[in-house]
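Structural overview
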Amino acid sequence: MLSIIEQIKQGKLWDFHGGIHPAENKDLSNKSPIVNAGIPQELVLPLKQHIGSKGDIIVAVGDKVQKGQPLTQGDIAMCVPVHAPTSGTITAIEQRTTAHPSGLSDLCIVIAPDQQDTWCDKTTYADYEDRDPAELIDAIRLNGIAGLGGAGFPTARKLQGGLGNVDILIINAAECEPYITADDRLMRDYAEEVIEGVRILRHIISPKLTIIGIEDNKPEAIQALEQHVKEDDNILIRVVPTKYPSGSSKQLVKILTGREVPSQSRSTSVGVIMQNVGTAFAIKRAIIDGEPLIERVVTLTGEAFKERGNVFAMLGTPIAYLLDKFGYKADKKHPRVIIGGSLMGFTLPHSNVPITKMTNCILAPKRKELPLHTYEMACIRCSACADVCPSSLLPQQLQWYAKDQNYEKCEEYNLQDCIECGACAYVCPSEIPLVQYYRQAKAEIWARSQDEINAERARQRFEAKQARMDRDKAERENRFKKAAETRREEMAKTGGDDAVAAAIARVKAKQAAAQSEKPEVKPAVAAAIAAAKAKQAASAQGATSETLPDNSEMAKLREERKRQARERKAEKEAGESTTSASSNDSKKDAVAAAIARAKAKKAQQASEQKAPVADSVVENAEVDPKKAAIAAAVARAKAKKEAQSESTSEPVAETEAVDPKKAAVAAAVARAKARKAAQQAEAQSEATSEPAAETEAVDPKKAAVAAAVARAKARKAAQQAEAQSETTSEPVAETEVVDPKKAAVAAAVTRAKARKAAQQAEAQSETTSEPAAETEAVDPKKAAVAAAVARAKARKAAQQAEAQSETTSESAAATEAVDPKKAAVAAAVARAKARKAAQQAKVQSEVTPEPVAETEAVDPKKAAVAAAVARAKARKAAQQAAKEQQNIEED
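Residues numbered from 1 in each chain as written. Predicted model: local features only at pLDDT ≥ 70, side-chain atom pairs only at ≥ 80, totals over all residues. Heavy atoms only, no water.

Examining the state of the cysteines
For clarity, the cut-off: Two cysteine sulfurs form a disulfide in these notes if their separation is within 2.5 Å. Burial here depends on accessible area, computed with a 1.4 Å probe over protein chains only, as a share of the maximum for the residue type. Under 20% is buried, over 50% is exposed, and the range in between is partly exposed.
Inspection of the entire model under this criterion finds zero disulfides. The thiol of Cys 176 is not disulfide-bonded; the next cysteine sulfur, from Cys 421, is found 8.7 Å away. Assessed through its relative accessible area of 6%, Cys 421 is described here as buried.

Quick look at the structure:
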């Protein structure tokens with residue numbers, strides 16, 4: 001079986017999965033040779049133009065630099081320095097927009113060229129065949145060479161990793177992406193230098209076989225290379241079919257060697273190392289000519305360019321400079337400038353972006369030439385993306401997980417193996433920008449991995465610090481322990497004890513002795529302590545003795561103040577008695593005048609009330625003999641009531657001049673009796689009118705109406721009586737001098753009792769009227785009689801309760817010390833109010849029979865229902881009154 005190298009020499013080729021055949025469009029820029037773009041007015045050099053870390057800046061603003069002078073430096077293999085493309089002055093070191101898909105800015109060195117293009121000192125290795133490979137690798141690193149195929153991987157680091165591990169060197173000349181012709185023109189115009197760079201690489205790596213892989217769409221470049229390759233170079237020029245992306249590293253390795261590069265691995269893992277044609281050209285310039293990487297070949301293509309072709313552009317040249325110089329005419333509706341090809345390139349945010357080591361093409365298409373992507377549509381699961389993927393991935397699944405930010409699944413489906421060739425997006429019928437999703441997911445995964453690395457590094461530092469601290473602590477303890485042992489040994493040799501141990505023992509002995517021995521107490525101290533304890537006990541028990549040494553003076557002062565207060569009180573009482581004796585006559589006159597005014601008002605009110613009553617009686621008599629009988633009974637009751645009220649009020653007036661205090665008490669008693677007599681007279685008058693009502697033929701409807709009206713008036717009379725009792729009790733309370741609080745309490749209790757009695761009376765009246773309401777359907781006459789009786793009883797009970805409440809409040813007020821003047825005035829006011837209340841009661845009693853005569857058409861059933869509702873309300877009011885009375889008694 002032939003080996004891989006033998007098979008390759010025999011011309012065998014392999015193929016990779018997927019791939020596409022887009023329109024090449026290379027004829028736009030590969031017809032003219034490479035020209036020099038010239039020196040712009042400003043050069044912007046990003047510090048990072050490769051994969052890896054930035055170098056340290058070794059220049060400052062204002063420094064003069066020469067062409068090829070290093071501007072940064074670094075000591076690690078993944079750090080590539082940056083050199084001045086031409087001579088000039090450093091004008092700024094600041095953030096500028098760089099050539100990156102994100103469009104973000106990065107730290108850049110800005111140079112203003114002096115147009116002299118003066119070189120610095122060069123270091124050449126013309127005899128490279130006699131040099132050590134390590135020396136040449138270091139020279140390549142110091143000259144700032146990175147992969148010019150587009151990835152930007154540091155060339156020195158790749159060569160160092162391939163030493164002794166590879167047997168095949170592949171020079172990538174496929175240049176498979178549409179529009180780009182930089183490598184094609186470089187091989188045509190500088191084939192000899194390209195082959196010389198390949199020889200330098202062969203000397204460094206020493207492979208068994210060197211292969212230049214080139215697509216069959218570059219016949220001129222193939223011919224130029226074959227002219228400069230010698231037989232002893234051991235270099236094979238292998239032409240491969242045109243297929244995108246055959247220029248990718250893993251795919252070209254598969255085509256030329258048949259070896260499959262493992263997932264997330266490099267080609268060196270299968271014994272193959274790959275370099276780009278442009279990289280080989282830059283290595284030749286660095287080793288043979290001593291020129292660092294300060295310029296590169298850039299393709300200017302697209303229908304928007306007037307002059308298309310390839311140019312040598314200095315690194316840091318603004319793209320706007322190239323656009324202006326080579327006749328760029330922007331599309332009117334959709335102007336676009338793309339760095340890279342039509343499949344792997346990205347659109348710039350603006351044209352003030354510099355050329356870097358990874359920039360191989362500037363594409364300025366028109367809208368018809370390269371249509372814009374329309375709106376993204378839903379995936380139709382056609383599997384076209386999976387069919388063309390050169391890495392044998394599942395683009396549809398990766399897009400779902402990337403869009404969902406499920407980065408763990410993205411890694412599980414080998415997202416890192418995606419070469420971002422854009423073949424999947426090219427064939428997608430839904431025009432989904434798949435590569436954008438993959439780039440974003442890769443960036444996020446990289447950021448998270450960096451965070452994890454930093455966290456792990458911090459954890460290691462923390463653990464190292466803790467280990468160091470524990471180690472130092474153990475060393476200190478061992479050191480102290482050894483010192484103590486050494487000290488004890490020395491004390492033992494000298495015949496003594498350990499001084500520290502002896503001191504500790506002495507301290508412990510003293511503490512034990514202090515705890516075992518009780519301190520001696522002196523007699524004087526003991527006596528003082530005993531006295532203090534006695535005082536404390538006496539104060540705790542609340543002793544009331546006033547002979548204590550500390551409180552004797554205060555007790556004397558209190559007694560003196562009490563004596564002086566008693567003397568002042570006695571003087572005040574004597575002066576008041578003298579004044580009251582002198583003004584006794586004037587008081588009597590005032591009382592007599594008040595009584596006269598009250599009698600006059602009473603007589604006037606009585607005369608006013610008799611006239612309408614008589615008229616009503618006459619009218620009723622003319623209309624109906626039954627009403628006449630009722631009016632006569634009412635008139636008799638009024639006459640009796642007036643006689644009783646006059647006979648009751650006169651003795652009270654006569655006794656007013658005897659004694660002021662007694663006069664006040666007598667007045668209160670008289671008022672109570674007057675009210676009671678008036679209520680009894682009213683009750684008698686109603687009782688007298690009942691027999692007359694019994695003999696009358698009563699209509700059931702009128703009886704029901706009369707019962708309802710009677711109950712309503714009974715409630716109103718009870719409420720008015722209660723209000724009058726409260727109003728009458730207020731002047732008496734004002735004359736109290738002994739204790740205002742007790743008087744207020746007594747008044748409140750009296751009012752509560754009055755309310756309760758009124759409510760009970762109302763409940764009794766409604767309870768009494770229940771049988772009458774229930775039997776209305778049986779006998780109308782009896783129902784009317786029962787209603788009248790219930791009204792009379794209700795009024796009587798309410799009046800008795802009111803009389804009891806007022807008698808109670810007046811008897812309480814009688815036992816208190818009353819001012820003679822105030823007592824007289826209060827008595828007069830009380831008598832006047834009593835007369836007024838009696839008169840109002842007369843008016844109510846006269847008006848009460850009138851509704852009986854009303855001829856309203858009332859339904860007996862509705863009357864019964866109204867009576868039942870009234871009874872329920874009466875019961876509820878009685879219960880509430882009982883609760884209030886219970887709360888008052890408890891208070």
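So, a negative patch on the surface
We count it as follows: The residues that make up patches have over 30% relative accessible area and no salt bridge, and they are joined within 9 Å when like-charged or within 5 Å when they are Val, Leu, Ile, Met, Phe, Trp or Tyr. Computed with the Shrake-Rupley method and a 1.4 Å probe, the accessible areas treat only the protein chains shown as cover for residues. Just to be clear on terms, a salt bridge is a Lys or Arg side-chain nitrogen sitting within 4 Å of an Asp or Glu carboxyl oxygen. His is not counted, nor are the chain ends, whereas Lys and Arg count as positive and Asp and Glu as negative. Charge positions are represented by NZ for Lys, CZ for Arg, CG for Asp and CD for Glu. Helix and strand definitions here come from DSSP, where helices need a minimum of 4 consecutive H or I residues and strands a minimum of 2 consecutive E residues; each element is numbered from the N-terminal end.
Among the surface-exposed residues, Glu 408, Glu 411, Asp 451 and Glu 452 lie close enough to one another that they form a single negatively charged patch. Of all elements in the fold, only helix 12 (407–412) and helix 14 (434–494) reach the threshold of two or more residues within the negative patch.

Considering a positive patch on the surface
Taken together, the side chains of Arg 308, Lys 329, Lys 332 and Lys 366 present a region of like positive charge at the surface. With respect to the element layout, Lys 329 can be found in the loop between helix 9 (319–325) and strand 14 (338–339).

With respect to the packing of helix 5 (residues 191–205) against helix 8 (residues 277–287)
For any two helices packed against each other, the geometry comes down to the angle between their axes and how far apart the axes lie. The criterion, for reference: For helices, the fitted axis covers only the stretch in contact; all axes are lines through C-alpha atoms, and the angles between them, taken along N-to-C directions, range from 0 to 180 degrees. Should an angle fall under 35 degrees it is called roughly parallel, over 145 degrees roughly antiparallel, and 65 to 115 degrees roughly perpendicular, with every other angle called oblique. Any two residues whose heavy atoms approach within 4.5 Å at even a single point are treated as in contact.
Orientation of helix 5 relative to helix 8, taken along the N-to-C sense of each, is 80 degrees, at an axis distance of 7 Å. In this view, helix 5 runs roughly perpendicular relative to helix 8, as classed from their interaxial angle. Contact with helix 5, carried on its side by Glu 193, Val 194, Glu 196, Gly 197, Val 198, Ile 200 and Leu 201, involves Val 277, Ala 280, Phe 281, Ile 283, Lys 284, Arg 285 and Ile 287 of helix 8 and no other residues of that element.

Observations regarding the pattern of salt bridges
Per the stated rule, a full pass over the model turns up 32 salt bridges. Glu 291 is the partner of Lys 122 in a salt bridge, and the nearest nitrogen-oxygen pair spans 3.8 Å. Linking Lys 122 in the loop between strand 7 (105–113) and helix 2 (133–142) with Glu 291 in the loop between helix 8 and strand 12 (295–301), this pair joins segments that are 169 residues apart in sequence. For Lys 122, a relative accessible area of 39% corresponds to the partly exposed category. A salt bridge links Glu 560 to Arg 563; the shortest N-O distance between them is 2.3 Å. Taken together, the positions of Glu 560 and Arg 563, both in helix 17 (residues 552–582) and three residues apart, correspond to about one turn of that helix. Relative accessible area serves as the criterion here: at 33%, Glu 560 is assigned to the partly exposed category. In this structure Arg 563 comes out as partly exposed when scored by relative accessible area, which is 34%.

Notes on the sheet that holds strand 11 (residues 272–276)
Worth spelling out the cut-off: Strands are treated as partners if at least two bridges between them are detected by DSSP.
Pairing is parallel in the open sheet, where four strands are placed in the order 10-9-8-11. Every other strand in the sheet has two partners, leaving strand 10 (235–240) and strand 11 as the edge strands with one partner each. In this sheet, adjacent strand axes meet at a mean angle of 25 degrees when their direction is disregarded. By the bridge criterion, five bridges tie strand 8 (residues 168–172) to strand 11 in an arrangement that is parallel. Within the sheet, the bridge partner assigned to Ile 170 lies in strand 11 and is Met 274. Against the sheet, helix 5 engages strand 8, strand 9 (209–215), strand 10 and strand 11, with an angle of about 155 degrees to strand 8.

Overview of unusual backbone geometry
Residue Tyr 244 is joined to Pro 245 through a cis peptide bond whose omega torsion reads 5 degrees. One non-glycine residue, Asp 117, adopts positive backbone phi at about 55 degrees. As for its position among the elements, Asp 117 is in the loop between strand 7 and helix 2. You can call Asp 117 partly exposed: its relative accessible area is 26%.

Quick word on the side chain of Glu 175
Our working definition: In the analysis that follows, any N or O atom pair within 3.5 Å is treated as a polar contact, provided that within protein one partner can donate a hydrogen and the other can accept it, and provided that, for residues neighboring in sequence, both atoms belong to side chains.
Note on placement: Glu 175 falls in the loop between strand 8 and helix 4 (182–189). The side chain of Glu 175 is buried and forms no salt bridge, while Lys 218, the nearest opposite charge, is found at 4.7 Å. In this structure the side chain of Glu 175 is engaged in a polar contact, spanning 2.9 Å, whose partner is the backbone nitrogen of Ala 182.

Side note on the packing of aromatic side chains
Worth spelling out the cut-off: Think of it this way: a Phe, Tyr or Trp ring, Trp meaning its six-membered ring, pairs with another when their centres are within 6.5 Å, and the plane angle makes it stacked under 30 degrees, edge-to-face over 60, tilted otherwise. For a Lys NZ or an Arg CZ to count as sitting over a ring, it must be within 6 Å of the ring centre and within 35 degrees of the ring normal.
In the structure shown here, the tally under the stated rule is five aromatic pairs. Relative to Phe 281, the ring of Tyr 190 has its centre 5.5 Å away and its plane inclined at 55 degrees; by these criteria the two rings are tilted. Of this pair, Tyr 190 sits in the loop between helix 4 and helix 5 while Phe 281 sits in helix 8, and the two are 91 residues apart along the sequence. A relative accessible area of 23% places Tyr 190 in the partly exposed class. Classification of Phe 281 by relative accessible area gives buried; the value is 7%. Ring geometry for Tyr 401 and Tyr 413: centres 5.4 Å apart, planes at 45 degrees, overall tilted. Of this pair, Tyr 401 sits in helix 11 (residues 395–403) while Tyr 413 sits in the loop between helix 12 and helix 13 (423–427), and the two are 12 residues apart along the sequence. Accessibility expressed as a relative area gives 17% for Tyr 401, which makes it buried. With a relative accessible area of 26%, Tyr 413 lands in the partly exposed category. Taken together, the ring pairs connect Tyr 190, Phe 281 and Phe 312 into an aromatic cluster. Looking at Lys 122, its charged tip hangs above the ring of Trp 119, at a distance of 4.1 Å from the centre. The ring of Phe 16 has Lys 243 sitting right over it, with the charged end atom 4.5 Å from the ring centre.

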